[in-house]
Each structure stands twice: as C-alpha cells, then as structure tokens.
Amino acid sequence: MGRVMRNFWKNEDGHTAMIFSVSLIGVLAAVGMAMDYGGVRSGQTTLQAQVDAAVLALGKSGAETEQERRDIIMGSLLENGYVPGSYVPQFEVTSDGAIRVWASADYTPMVMGLFGKSTVKINAEAESRIAKEAAVEIVMVLDTTGSMSGNKLTSLKDAATGLVNSIAIYDDAEVKIGMVPFSNYVNVGTDPAIRNASWMDVPPDESYTEDYEYQPTRQTSAGTPQTCSGTETYTHSGYNDGVAFSEDRTRSTGCTGGSPATYENDGPVEMRTRTITNTWHGCVGSRLDPLHTRDSDYASRIPGLMNVYCANPLVPLTVNYGDMRNKITALSASQSTYMPAGVMWGQRVLSSQIPYDEGAMVGTNERKIMIVMTDGMNTMYLDGNQHTSSSPSDPAHNGRMVDTNKDTEDACDAAKAAGTEIFTIAFEVPDVPTKKMLERCATDADHYFDAANSQELIGVFRNIAARIINVRLTK
C-alpha cells in the first residue's frame with residue numbers, strides 16, 4: 001500500500017492530481033459533516049437532559065409564583081451544565097397542573113458553514129405535571145421480648161435509630177413515623193384520653209381490703225445441711241421466650257445426710273386484713289375471634305388488662321423525630337412473644353380511623369409502611385381476651401403455635417388488603433416455620449430479610465430506609 005501511495009504522489013499527470021484533489025476535498029467534507037452531525041446530536045442530547053431535569057424540578061418544587069418557578073428552572077439548568085446566555089428557557093404551567101419547559105439553542109458547525117449553514121437550531125421540550133408527593137407513614141413493629149435482652153436489644157435500638165436518622169436528613173420529608181413495641185401484650189399507655197376512649201374497655205383502678213385467716217407457726221428445728229464431697233460443671237439447656245440457649249452451671253456432688261427445718265402451730269388461727277389493688281398499666285388484650293385480627297368494628301371494644309405488665313408504650317405517628325429517638329433509647333426487654341397483637345396494632349397506628357387517626361386517609365396519595373422485626377417464634381396463644389404462655393412440653397403446644405402463626409399471617413393479610421406495605425425481618429431466628437411465616441407476611445420476597453447478626457440487622461434497616469426515600473417522590 002505504501003509503495004502505491006508513493007507512486008501516486010510521484011505521478012505528475014494533471015488528471016491524476018486533479019482527481020485526487022477533488023477526492024480529498026470530498027473525504028474531508030464527509031468527515032467534517034460527520035463531526036458536525038455528531039456535535040448536533042450531542043448538543044441535542046445535552047439540551048434535552050437539561051430540560052427534562054428542569055421540568056421535574058419544577059414539578060416537585062411546589063413553587064407558585066412566576067419568579068419562584070423561573071428560579072427553580074434556572075437553578076436546575078445550572079446544576080446540569082447550562083451556560084448562561086447560551087439560550088433562554090421558556091415554560092408554562094396550566095391551570096390544571098400541566099407543566100411544559102422548552103428551549104432552542106444554536107449550534108455552530110465546523111464544516112457546514114462552508115456550505116452556507118452557519119448555525120443549526122436544536123430544540124428540546126419536556127412535559128410533566130405538578131407532583132403531589134405521597135404522604136409516607138412508617139410504623140416499626142419491634143419485638144422487645146425477654147430473648148431480645150442484652151446485645152440484641154442494643155443492636156435493635158441502633159438499627160431503628162439509624163432509620164429515623166436517615167429519614168430526618170431530608171428536612172422537607174414530613175414522613176410520619178410510629179412504633180409498636182410488643183411482647184406478651186401491646187401497651188397503649190395510660191393517658192386518660194386513651195383509657196376513656198369509646199373503643200377501650202378498662203375497669204377502674206381500685207384498692208380494697210379483705211379479711212383472711214392466718215395460722216401463726218414457730219420453728220422447732222433448724223435442720224442440718226448436707227455434706228458434699230465435691231462440685232461439677234454441667235451444661236444447662238432451656239428456652240428463653242422460645243429461643244434455645246445453653247449455659248454452664250455448677251452443682252455439688254457426693255452429698256449425703258441433712259434434714260429440713262420443722263415447724264408447728266404457735267397458737268390459734270388469727271383473722272387478719274390485707275389490701276388488694278387492681279391497676280391498669282396500659283396493657284391491652286385481644287378481642288375475640290375473628291375481631292382479634294381486624295381493624296374494624298370497634299363497637300366491640302378492646303379489653304384493658306389489670307395488673308399486667310408488658311412492653312413499652314406504643315408511639316403514634318409523629319414527625320417529632322427527636323422524641324422518637326428518645327422512645328427507642330428507652331426500650332426494654334421482657335416477657336414472651338405474641339406477634340399477632342404487634343401486627344394488629346401496627347395497622348391501627350397507620351389507620352386514619354380509631355383507635356388512632358394520625359394516618360392519612362386511604363386513597364389520598366399515601367404510602368403506608370409497616371416494618372415487623374422479631375428474633376424468635378410465637379410462644380403464646382389466644383385464650384379468650386388474654387394471651388397465655390404455652391410450654392413446649394405440653395402436648396397441645398405445637399397445635400397452639402400453628403394457630404398463633406396463622407393469626408399472625410391473618411393480621412398481615414388484613415393489613416396488606418388495606419394497602420399497607422409490609423417489610424419483615426427475622427433477626428437471628430433459628431426456627432424455620434417462623435421464617436416461613438415472616439416471608440408470607442411480607443408484601444413480597446423482596447420485602448423479607450433474614451438478618452443473621454447485629455451488623456446485618458443494622459444494614460437491613462438502612463436498606464429499608466433507602467428504599468423508602470428513593471421511591472417517595474410521586475405515586
């Protein structure tokens with residue numbers, strides 16, 4: 001090829017030189033035209049991207065005056081590479097909320113000008129509508145039973161606080177957040193407005209005295225201790241709120257002898273008086289089947305349980321993130337697990353009707369989200385209005401837990417049917433049926449998480465917070 005070109009250049013024939021010159025001009029023109037075409041396409045793409053971003057920014061802004069809208073548009077254009085003076089953007093907002101932004105810019109070609117085309121007009125236009133942001137409402141339904149004590153509860157507090165902090169970063173978010181700690185029961189607090197509400201049935205606190213018989217006794221022998229030859233370490237296994245555990249313990253070995261203390265009556269029976277006190281601490285039971293999994297029909301009232309202790313009081317929907325952080329920090333762990341009540345009260349907190357009405361009305365561009373987290377299986381079952389512990393050694397235990405798991409799923413199904421989006425989290429859960437139940441409770445497979453340790457739990461809450469923020473803009 002090189003030799004051919006050298007011969008070509010050495011050829012002094014005029015026809016050859018002329019043909020080559022014409023051909024070279026044609027090639028250069030074609031290359032230049034291609035470059036100009038690419039420049040026009042690039043300019044068109046850039047202009048369209050700037051206009052698209054501007055119309056979305058204006059739609060989300062809520063700006064109402066002409067100057068505010070122009071400032072929003074110019075701010076968006078500058079953020080996306082607009083060179084002031086290169087073109088003048090135009091816009092209009094119609095009375096029904098339609099938005100149109102358009103612009104025309106001149107592109108100066110490199111080669112086309114040689115052929116009489118000194119500028120090329122490029123245009124871009126975008127349309128949208130004024131966005132009505134979805135009202136986002138989140139309720140965290142959190143297991144605070146005895147098995148959550150220690151490091152697990154600390155991790156839960158860190159994870160839940162992290163979610164609140166992620167939402168709070170966005171000053172204009174106005175995302176309402178509520179919390180329902182649950183254990184053996186849910187605690188609605190003791191505010192008189194709650195206690196005396198039409199949907200509550202709480203007996204009055206009372207204190208009264210009663211007489212009873214007392215038999216005085218006296219010790220006749222202190223007894224003698226056993227004699228033991230040594231000690232041994234053994235492994236004790238058991239369940240803490242349904243979560244299996246084992247620990248090393250020490251006991252005496254080779255023990256013999258010893259006798260118990262003895263007692264005898266020390267005079268006649270006496271009549272004594274004692275004080276009986278019945279107090280409501282905010283814990284509520286369940287209504288009878290099928291209302292125990294329904295957020296409706298509150299003519300049938302919710303029973304308040306006397307002399308019962310349970311989880312920390314729930315927190316209705318609020319935008320007071322500081323108070324929510326304090327309530328999370330105050331969480332404590334105790335008692336056993338009854339998940340249906342947690343889910344049911346989570347839905348009641350999100351509702352726009354009684355018992356709580358802080359939630360947006362369904363159908364008003366709202367997004368209702370429930371996050372359900374537990375570290376173990378249900379260990380209680382419904383017995384009338386109360387939740388009763390069930391021992392694994394009881395022959396009826398497995399059947400009772402199947403019923404409680406079904407009640408949990410029914411409560412989830414009712415919430416989803418009402419439009420609630422449910423995330424579920426299994427936190428160090430060893431029980432496969434419980435994991436399957438949580439999977440079915442979730443809105444779909446992408447809404448179920450299995451956190452194997454504390455770091456994963458914190459990551460899951462962070463993931464959920466990001467998903468809430470990322471899809472919040474419009475419905």
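Everything quoted here is computed from the prediction, not taken from an experiment. (Residues numbered from 1 in each chain as written. Predicted model: local features only at pLDDT ≥ 70, side-chain atom pairs only at ≥ 80, totals over all residues. Heavy atoms only, no water.)

**Student:** Which residues make up the side chain of Asp 295, and what values go with them?
**Tutor:** In this fold, Asp 295 is placed in the loop between strand 14 (280-284) and strand 15 (302-306). Buried charge without a salt bridge: Asp 295, with Arg 348 as the nearest opposite-charge side chain at an N-O distance of 4.5 Å. Sequence-distant contacts of Asp 295, defined by excluding residues within four places in its chain, comprise Met 344, Gln 347, Arg 348, Ser 351, Gln 353, Ile 354 and Pro 355. (Helix = DSSP H or I, 4+ residues; strand = E, 2+ residues; numbered from the N terminus. Buried < 20%, exposed > 50% of the residue type's maximum accessible area, 1.4 Å probe, protein only. Lys, Arg positive; Asp, Glu negative; His and termini not counted. Salt bridge = Lys/Arg side-chain N within 4 Å of Asp/Glu carboxyl O. Contact = heavy atoms within 4.5 Å.)

**Student:** Would you mind going over helix 6 (residues 321-329) in detail, with residue names and values included?
**Tutor:** It helps to recall that an α-helix has 3.6 residues per turn; residues three or four apart then point in one direction. Those residues of helix 6 that fall on the buried side of the exposure criterion are Tyr 321, Met 324 and Ile 328. The buried residues of helix 6 all sit within an arc of 55° when viewed along its axis, so they share a single face. In helix 6, the exposed positions angled more than 90 degrees off the buried face are occupied by Asn 326 and Thr 329. (Arc of directions from axis to C-beta.)

**Student:** I'd like a rundown of the packing of aromatic side chains, residues and numbers included.
**Tutor:** Inspection of every chain in the model, using the stated rule, returns five aromatic pairs. Both rings, one in Trp 199 and one in Tyr 356, keep their centres 6.1 Å apart while their planes meet at 55°; by these two values the pair is tilted. Here Tyr 356 lies in the loop between helix 7 (339-350) and strand 17 (366-374) and Trp 199 lies in the loop between helix 5 (192-195) and strand 7 (200-201), a separation of 157 residues in the sequence. Across this residue pair, the class does not change: Trp 199 and Tyr 356 are buried. Their ring planes at 25° and their centres at 6.5 Å tell us that Phe 423 and Phe 449 sit as a pair that is stacked. Taken together, the residues span a long stretch of sequence, with Phe 423 in strand 20 (residues 420-427) and Phe 449 in strand 21 (residues 448-451) at a distance of 26 residues. The class of Phe 423 is buried, set by a relative accessible area of 1%. What links up through ring pairs into an aromatic cluster is the set Trp 199, Trp 345 and Tyr 356. The ring of Trp 102 is capped by Arg 100, whose NZ or CZ atom sits 3.7 Å from the centre of that ring. (Phe/Tyr/Trp six-rings, centres within 6.5 Å; stacked < 30°, edge-to-face > 60°. Lys NZ or Arg CZ within 6 Å of the ring centre and 35° of its normal.)

**Student:** Hey, could you go over empty space enclosed by the protein for me, with residue numbers and the actual values?
**Tutor:** A probe matching the size of a water molecule, rolled over the atoms, marks out where space remains unfilled. Enumeration over the complete set of coordinates arrives at one cavity of 30 Å³ or more. Reported here for the largest cavity is a volume of approximately 90 Å³. Lining the largest cavity are 14 residues; nearest its centre among them are Gly 285, Ser 286, His 292, Trp 345 and Arg 348. Element by element, the count of residues in the lining of the largest cavity is highest for helix 7, at five residues. When the residues that make up the lining of the largest cavity are grouped by side-chain class, the tally is eight nonpolar, four polar and two charged. (1 Å grid on protein atoms, 1.4 Å probe; cavity = no way out; pocket = protein on both sides within 12 Å on 5 of 7 lines; lining within 4 Å. Points joined across faces, edges and corners; volume = space filled by probe spheres on them. Nonpolar A, V, L, I, M, F, W, Y, C, P; charged D, E, K, R; others polar.)

**Student:** How would you explain the pairing of strand 4 (residues 135-143) if you had to name every residue and give the values?
**Tutor:** Most of strand 4 is tucked away: eight of the nine residues are buried. By the bridge criterion, eight bridges tie strand 4 to strand 17 in an arrangement that is parallel. Considered in strand 17, the bridge of Ile 138 is made with Ile 369. Summarising the sheet, strand 4 and strand 5 (residues 176-182) pair through seven bridges and their orientation is parallel. Each residue of the ladder has a partner; that of Glu 137, found in strand 5, is Lys 176. (Pairing = 2+ DSSP bridges.)

**Student:** Pulling in residues and values, what's your account of the sheet that holds strand 7?
**Tutor:** As summarised here, the arrangement of the four strands in space is 6-14-15-7, forming an open sheet in which the pairing is mixed. Only two strands of the sheet have a single neighbouring strand rather than two, namely strand 6 (186-187) and strand 7. For strand 6 and strand 14, the ladder comprises two bridges, and the chain directions are antiparallel. Along strand 14, the bridge assignment pairs Val 186 with Val 284.

Just geometry here; none of it tells us what the structure is for.
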